[in-house]
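Observations on the model geometry
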Amino acid sequence: MLFSGKGKHRRSSKATRAIALAGVAGAAVAGPLMAAGNASAATASEWDAVAQCESGGNWSINTGNGFYGGLQFTTSTWAAYGGTAYAPRADLATKAQQIAVAEKVLAGQGKGAWPVCGKGLSSTPYSGAAASTGSTTKSTTTKSTTTKSTATRSTEQQAANRSATRPAPKKTVTTPTGKKVEKGDGEYKVVSGDTLSSIAAEHHVKGGWEKLFQLNKDIVEDANLIYPGQQLHLK
């Protein structure tokens with residue numbers, strides 16, 4: 001499918017399984033766009049955990065690798081499950097909108113949509129509308145099942161490809177001495193030669209390096225020691 005860090009104080013924390021079964025012949029393609037009603041496949045805290053694993057909890061992340069937002073949707077999956085009703089890409093949508101689309105994905109694909117990070121998701125996928133009897137219903141169900149099977153194979157292949165080529169992001173970075181330190185989930189990535197002062201000056205951080213230190217004290221223990229690969233918040 002789509003997709004498969006650590007701020008402690010800044011970042012807060014299905015496709016319906018079947019087409020409506022009564023009188024909707026030929027509507028199978030619209031299946032992923034149908035809302036899951038009040039049924040929820042996972043709690044908000046569980047989605048926060050998936051986002052933390054996938055993207056370091058950054059709901060607006062876009063690193064240019066083809067995966068977007070906190071839950072790391074591909075553009076094709078985002079569109080297939082109705083995300084474009086909110087925004088062109090997941091990173092441009094709100095956290096709540098990304099979760100709404102993710103619930104549809106979970107309903108259609110299960111936890112395997114997030115091969116590495118989705119293991120903690122609970123509950124069962126939304127089962128859709130209750131089935132009714134009659135030949136029309138049977139015909140519609142057959143068409144829906146056939147279309148859904150094809151779509152599922154495609155999205156499962158995407159998930160397999162992602163898992164093989166893009167493992168879950170690291171939550172730590174290794175210093176030159178071999179010590180592991182927190183990576184963080186900020187918008188600025190430290191490079192060799194950076195200091196808090198130089199970063200604050202270059203990005204016009206109000207309050208200078210002291211403010212930058214306060215913003216990132218959950219990962220920066222010493223204002224004089226930051227390491228390449230750490231991701232700092234600038235505001």
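1. Observations concerning the environment of Thr195
Note on placement: Thr195 falls in the loop between strand S3 (188–189) and helix H5 (196–202). The exposure class of Thr195 is partly exposed, given its relative accessible area of 38%.

2. Details of unusual backbone geometry
The phi dihedral of Gln72 falls on the positive side, at around 55°, and the residue is not glycine. Examined against the element boundaries, Gln72 turns out to sit in the loop between helix H1 (44–55) and helix H2 (75–80). Not every positive phi belongs to a glycine, and His204 is a case in point at roughly 55°. Along the polypeptide, His204 turns up in the loop between H5 and helix H6 (208–215).

3. Describing the pattern of salt bridges
Taken as a whole, this structure holds two salt bridges when the rule is applied. Measuring nitrogen to oxygen at the nearest pair gives 2.8 Å for the salt bridge that ties Lys95 to Asp48. Taken as a pair, Lys95 in helix H3 (residues 95–109) and Asp48 in helix H1 lie far apart in primary sequence, 47 residues in all. We note that Lys95, like Asp48, is buried.

4. Considering H3
An α-helical turn contains 3.6 residues, so any two residues separated by three or four positions project in the same direction. Between the first and last C-alpha of H3 there are 20 Å, a value that for 15 residues agrees with the 21 Å anticipated at 1.5 Å per step. Among all positions of H3, only Lys95, Gln98, Ile99, Val101, Ala102, Glu103, Lys104, Val105, Leu106, Ala107, Gly108 and Gln109 are buried.

Rules used throughout
Residues numbered from 1 in each chain as written. Predicted model: local features only at pLDDT ≥ 70, side-chain atom pairs only at ≥ 80, totals over all residues. Heavy atoms only, no water. Helix = DSSP H or I, 4+ residues; strand = E, 2+ residues; numbered from the N terminus. Buried < 20%, exposed > 50% of the residue type's maximum accessible area, 1.4 Å probe, protein only. Salt bridge = Lys/Arg side-chain N within 4 Å of Asp/Glu carboxyl O. Expected span 1.5 Å × (residues − 1).

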